[in-house]
Amino acid sequence: MRLSARVDYALRAAAELAAVAGGTGARRSRPVTAEQIARAQDIPPKFLESILLQLRRGGIVHAQRGPEGGYWLARPAAEISLAEVIRVIDGPLAHVRGQRPEQLGYQGAARALQDVWIALRASEREILELVTIADVASGQLPGRVNDLAADPSAWT
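Worth saying up front: this structure is predicted, and the values here are computed from it rather than measured. (Residues numbered from 1 in each chain as written. Predicted model: local features only at pLDDT ≥ 70, side-chain atom pairs only at ≥ 80, totals over all residues. Heavy atoms only, no water.)

**Student:** Where do I start with the overall build of the protein chain in this structure?
**Tutor:** When you go through the protein chain residue by residue, the secondary structure sums to seven helices and two strands. Counting helices and strands in the order they occur from the N terminus, the protein chain gives α-α-α-β-β-α-α-α-α. Its C-alpha atoms give the protein chain principal-axis dimensions of about 65 × 30 × 25 Å. Taken over 156 residues, the protein chain has a buried fraction of 35%. Within the protein chain, counting contacts between residues at least 6 apart in sequence, those at least 24 apart form 57% of the total. (Helix = DSSP H or I, 4+ residues; strand = E, 2+ residues; numbered from the N terminus. Buried < 20%, exposed > 50% of the residue type's maximum accessible area, 1.4 Å probe, protein only. Contact = heavy atoms within 4.5 Å.)

Take a look at the structure:
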């Protein structure tokens, strides 16, 4: 699985917004500026601005302009999965040569590859739908994720 820098930064920004709201992701009395997020997560500010715009259009964050402006999560962080953020930024979770696995037409001995790609997408989806922005911000990941990450072979 390869995640783009945009996705990495979007997930980090969302986690930062959840953390500053006490992990709940509820709107703070004062929105968080893009500059504050960029500084806290070491994200290039201009790049972050375009990512936050995508997240706003995708319904992940709300924004307010002006001297008291900034960003906050549109819903509680526990209701926003990593998969949702990834889809807003990069589209569907799994592609092979730019196509969805169910649209591929393998022939002969390679026919089973389509099932492999679909199973891979299902496995990715299982984890990415399970983990929420609140889980990341709190550092309290679901047991299934902890179990997988605890396996030394997962790290190589």
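**Student:** Even after reading the chapter, I still don't get the environment of alanine 77, so can you show me in this structure?
**Tutor:** You can see alanine 77 is positioned in the loop between β2 (70-73) and α4 (82-90). By relative accessible area, alanine 77 is classed as buried at 0%. Remark: the alpha-carbon pair of alanine 77 and isoleucine 133, spanning 56 residues in sequence, is separated by 5.1 Å.

**Student:** Please clarify how the packing of α4 against helix α5 (residues 113-130) should be interpreted in this entry.
**Tutor:** Helix-helix packing: each pair is described by the crossing angle between the helix axes and the interaxial distance. Taken N-terminus to C-terminus, the directions of α4 and α5 make an angle of 110°; their axes are 6 Å apart at the nearest point. When the interaxial angle is binned, α4 and α5 end up roughly perpendicular. Contacts from Leu82, Ala83, Ile86 and Arg87 in α4 reach Arg125, Leu128 and Glu129 in α5. Across the contact of α4 with α5, the residue classes tally to four nonpolar, no polar and three charged. (Axes fitted to C-alpha atoms, helices over the stretch in contact; angles between N-to-C directions. Parallel < 35°, antiparallel > 145°, perpendicular 65-115°, else oblique. Nonpolar A, V, L, I, M, F, W, Y, C, P; charged D, E, K, R; others polar.)

**Student:** Is there a simple way to think about unusual backbone geometry in this case?
**Tutor:** Most peptide bonds are trans, and most residues other than glycine sit at a negative phi. For aspartate 42, which is not a glycine, the phi torsion comes out positive at approximately 55°. Within the secondary structure, aspartate 42 is located in the loop between α2 (34-41) and α3 (45-57).

**Student:** Please explain the side chain of aspartate 135 as it appears in this structure.
**Tutor:** With respect to the secondary-structure elements, aspartate 135 resides in helix α6 (residues 133-138). Buried aspartate 135, no salt bridge; nearest opposite-charge side chain is arginine 75, N-O distance 13 Å. Engagement of the side chain of aspartate 135 in a polar contact is seen with the backbone nitrogen of threonine 132, the distance being 2.9 Å. Dropping the residues within four chain positions of it, aspartate 135 is found in contact with Leu130, Gln140, Leu141 and Pro142. (Lys, Arg positive; Asp, Glu negative; His and termini not counted. Salt bridge = Lys/Arg side-chain N within 4 Å of Asp/Glu carboxyl O. Polar contact = N/O pair within 3.5 Å; in protein donor to acceptor, adjacent residues only side chain to side chain.)

**Student:** Explain the pattern of salt bridges here, please?
**Tutor:** A pair can form between side chains of opposite charge whenever their charged atoms are brought close. Counted according to the given criterion, the structure contains five salt bridges. Put simply, arginine 12 and aspartate 8 hold a salt bridge, and the shortest N to O gap is 3.0 Å. One end of the pair, arginine 12, and the other, aspartate 8, are both in helix α1 (residues 5-20), four residues apart, so they sit about a helical turn from each other. Residue classification places aspartate 8 among the partly exposed positions, given a relative accessible area of 35%. Two residues, glutamate 129 and arginine 87, come together in a salt bridge whose shortest N-O distance is 2.7 Å. Here the residue glutamate 129 occupies a position in helix α5, and arginine 87 occupies one in helix α4, the gap between them amounting to 42 residues.

**Student:** What am I meant to see in the pairing of strand β1 (residues 61-64) here?
**Tutor:** Consecutive residues of a regular strand have side chains that alternate between opposite faces of the sheet. Bridge analysis of β1 against β2 gives four bridges, and the strand direction is antiparallel. Residue pairing in the sheet places alanine 63 in a bridge with tyrosine 71 of β2. The turn linking β1 back onto β2 is made up of five residues, and glycine 66 within it adopts a positive phi angle of 100°. (Pairing = 2+ DSSP bridges.)

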